[in-house]
Amino acid sequence: MNAGSRRPRPRPGEPGSAGAGRRAGRARGNRSSRGARSVARARADARHGTEDLRTPVGHGLVVAAAYAWRVLVVGIVAYAVFGLLGRLQLVAVALFLALVVTAVLRPLADLLARRMPRTPAVILSILGSILLVLGVMALVGGVVAGESGKLGHEFAGGLGRIERWLEGSPFHLSHAVLSDFQGKVADFVSGHRSELISSALSGAGRAVEFITGLVLALFCSLFFIRSGDRFWRWFQELLPEGVRDPWDRGGRAAWRTFAGYTRGIIIVAATNAILVGIALYVLGVPLALPLTLLEFFAAFIPLVGSPVALGVATVVALATKGPVVALIVLALIVVIGQLEGHVLHPLVLSWAVRLHPVVVAVSVIAGSILAGVTGAVVAVPMVSVAWSVITELRAGPEPEPSGRSPGGKTAPP
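Just so we're clear, the structure is a prediction, and the values are computed from it rather than from any experiment.

1. Topic: the overall build of the protein
1) Next: For the protein, the helix and strand inventory stands at eleven helices and zero strands.
2) Next: Taken from N to C terminus, the helices and strands of the protein fall in the order α-α-α-α-α-α-α-α-α-α-α.
3) Next: The burial tally for the protein puts 24% of its 413 residues in the buried class.
4) Next: For the protein, restricting intrachain contacts to residue pairs at least 6 apart in sequence, the fraction spanning at least 24 positions comes to 66%.

Right, here's the structure in full:
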């Protein structure tokens, strides 16, 4: 090669040299690493900024929110169930009456079934109960019809005594005020006569519905008493295998509570009615037997029914026997209330229903708001049954025995 064809070697530091290439590569690597670090730093800053803008939520609020939406779902389901029962009120009341009849008459049917076949024992217990109720109603009707004429004269004289009592001490109401009040009552009755007649006709329709529901309740109770266990086993077979045991424990706990409450409240109501009947008979108050029957049925509404029934008896005593006897009957409200709350309920109902009096009062008021008198009657047993089921399911199944003795009997755990 000649000298003119040789290419000059680049000096160190010039663009064409190997060192310059390595330095350029290192510069590009440094720039790329600095760019990656800057991007990561920017992302971290953005993430920290977002976390700083996020409001911290306490653990208590998280738990409260979790419970809130669950309670909301339960409330929606309960509202839907009550809405359905409101539309099927006749069927719901009939089934409730059937369960009441079953709880009351099943022990009698079991006792009769020891002497005769099961079906005749059930029919005999139901027919005997129907004849007993009809006999009591006929006796009450006969008493009212026999005392109606005498009662009219006593009420007329009683109203005069009430007016003279109000005009005297300590009320000192003028005769003009009382006459004006009587005139307003008469004007109200005459002005709303058509509404009262329509209410009476609607009451007749209600009576037809009541008879229909009563027939349906007796029909259902016949099968409940005859083969309630087989019906429950059939229902369990429709459930999945894994949920049959909780349903069985909950259903049996519910029935124990309902049956115990029904039998206990009947004992309490009968005791109240006997005491009131004896007191009214001794005081000579007219219609003592019908008022006793009213006290019996009113006692099925806890805390409220008995005072209302005794209030009606007080009005009858005031109109027929004067203020002194009326005050004595009024004192019975306090006596019966104390006896019922501190003696009868703890002795009779404590083993079946363990509810605080505040829970009972709230349940009765809420039931009366939702469904009137029917709601007030069924509120306490429904709450009692729900509480017993929750308690049973929270307790869990009973533990299995740890072993067996050589004789085959279960050894104690």
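2. A look at the nonpolar core
1) Next: Judged by nonpolar contacts, the single largest core of 16 residues is most densely connected at L280, V285, L291, A317 and V329.
2) Next: Breaking this core down by element, the ones donating at least two residues are α7 (244-283), α8 (288-298), α9 (305-321) and α10 (323-349).
3) Next: Top element by residues in this core is α10. It accounts for five residues.
4) Next: When neighbours within four sequence positions are excluded, V285 is seen to be in contact with L280, L291, V316, A317, V325 and V329.
5) Next: Core analysis: the next-biggest nonpolar cluster, separate from the first, contains seven residues, Y261, I265, V364 and A376 among them.

3. Points about the packing of α8 against α9
Think of two packed helices as two axes; the pair is described by the angle between the axes and how far apart they sit.
1) Next: Close contact between α8 and α9 brings their axes to 8 Å; oriented N to C, the two are set at 160°. Considering their axes alone, α8 and α9 lie roughly antiparallel with respect to each other. Regarding α8 and α9, the two cross each other, and that crossing is right-handed. Contacts between α8 and α9 pair L291, L294, E295 and A298 from the former with G305, S306, A309, L310, V312, A313 and V316 from the latter.

4. What to know about the side chain of T262
1) Next: Note on placement: T262 falls in helix α7.
2) Next: A relative accessible area of 4% places T262 in the buried class.
3) Next: T262 has contacts with V100, A103 and V104, leaving out every residue within four places of it along the chain.

5. Let's talk about the pattern of salt bridges
1) Next: Under the criterion given, the structure shown has six salt bridges.
2) Next: A salt bridge links D229 to R106; the nearest nitrogen and oxygen atoms lie 3.2 Å apart. Separated by 123 residues along the polypeptide, D229 in helix α6 (residues 193-237) and R106 in helix α3 (residues 89-112) bring together distant segments of the chain.
3) Next: In this structure D229 comes out as partly exposed when scored by relative accessible area, which is 41%.
4) Next: Residues D245 and R249 are paired through a salt bridge, measuring 3.3 Å at the closest nitrogen-oxygen approach. With a gap of four residues between them, D245 and R249 both fall in helix α7, about one helical turn apart.
5) Next: You can call D245 partly exposed: its relative accessible area is 41%.
6) Next: The class for R249 is buried, based on a relative accessible area of 14%.
7) Next: A cluster of three or more residues bridged by salt bridges with shared partners is formed by D245, R249 and E392.

6. Section: the side chain of R106
1) Next: Assessed through its relative accessible area of 18%, R106 is described here as buried.
2) Next: The residues touching R106, leaving out its near neighbours within four places in the chain, are V101, R118, F224, I225, G228 and D229.

7. Examining the environment of V348
1) Next: Along the polypeptide, V348 turns up in helix α10.
2) Next: On a C-alpha basis, the gap between V348 and R263 in space is 9.0 Å, while along the polypeptide they are 85 residues apart.
3) Next: Residues in contact with V348, not counting those within four places in the same chain, are G264, I267 and V268.

8. So, the confidence of the model for the protein
1) Next: Chain-level statistics for the protein give a pLDDT mean of 76 and a share of 66% at 70 or above.
2) Next: For the protein, helix α1 (residues 18-53) is the element with the lowest average pLDDT, namely 55, and α3 is the one with the highest, namely 90.
3) Next: The low-confidence segment residues 1-5 (pLDDT under 50) makes zero contacts with residues lying over four places distant or belonging to another chain.
4) Next: Throughout residues 402-413 the model reports pLDDT below 50, and contacts reaching past four residues in sequence, or to other chains, amount to ten contacts.

9. Quick look at the packing of α7 against helix α11 (residues 357-395)
1) Next: Where α7 meets α11, the axes come as close as 8 Å, and the angle between the chain directions of the two elements is 145°. Once α7 is placed against α11, the crossing between them reads as right-handed. Where α7 approaches α11, its residues P246, R249, G250, A253, A254, R256, T257, F258 and Y261 are matched on the opposing element by V380, P381, S384, V385, S388, V389, E392 and L393.
2) Next: When the residues that make up the contact of α7 with α11 are grouped by side-chain class, the tally is ten nonpolar, four polar and three charged.

10. Section: unusual backbone geometry
1) Next: For L287, which is not glycine, the phi dihedral falls at a positive 55°.
2) Next: With respect to the helices and strands, the residue L287 is situated in the loop between α7 and α8.
3) Next: Residue class for L287 comes out buried when judged on its relative accessible area of 15%.

Rules and cut-offs
- Residues numbered from 1 in each chain as written.
- Predicted model: local features only at pLDDT ≥ 70, side-chain atom pairs only at ≥ 80, totals over all residues.
- Heavy atoms only, no water.
- Helix = DSSP H or I, 4+ residues; strand = E, 2+ residues; numbered from the N terminus.
- Buried < 20%, exposed > 50% of the residue type's maximum accessible area, 1.4 Å probe, protein only.
- Contact = heavy atoms within 4.5 Å.
- Core = buried A, V, L, I, M, F, W, Y, C linked by side-chain atoms within 4.5 Å.
- Axes fitted to C-alpha atoms, helices over the stretch in contact; angles between N-to-C directions.
- Parallel < 35°, antiparallel > 145°, perpendicular 65-115°, else oblique.
- Left-handed = near helix turned anticlockwise from the far one by under 90°.
- Salt bridge = Lys/Arg side-chain N within 4 Å of Asp/Glu carboxyl O.
- pLDDT = per-residue confidence, 0-100.
- Nonpolar A, V, L, I, M, F, W, Y, C, P; charged D, E, K, R; others polar.

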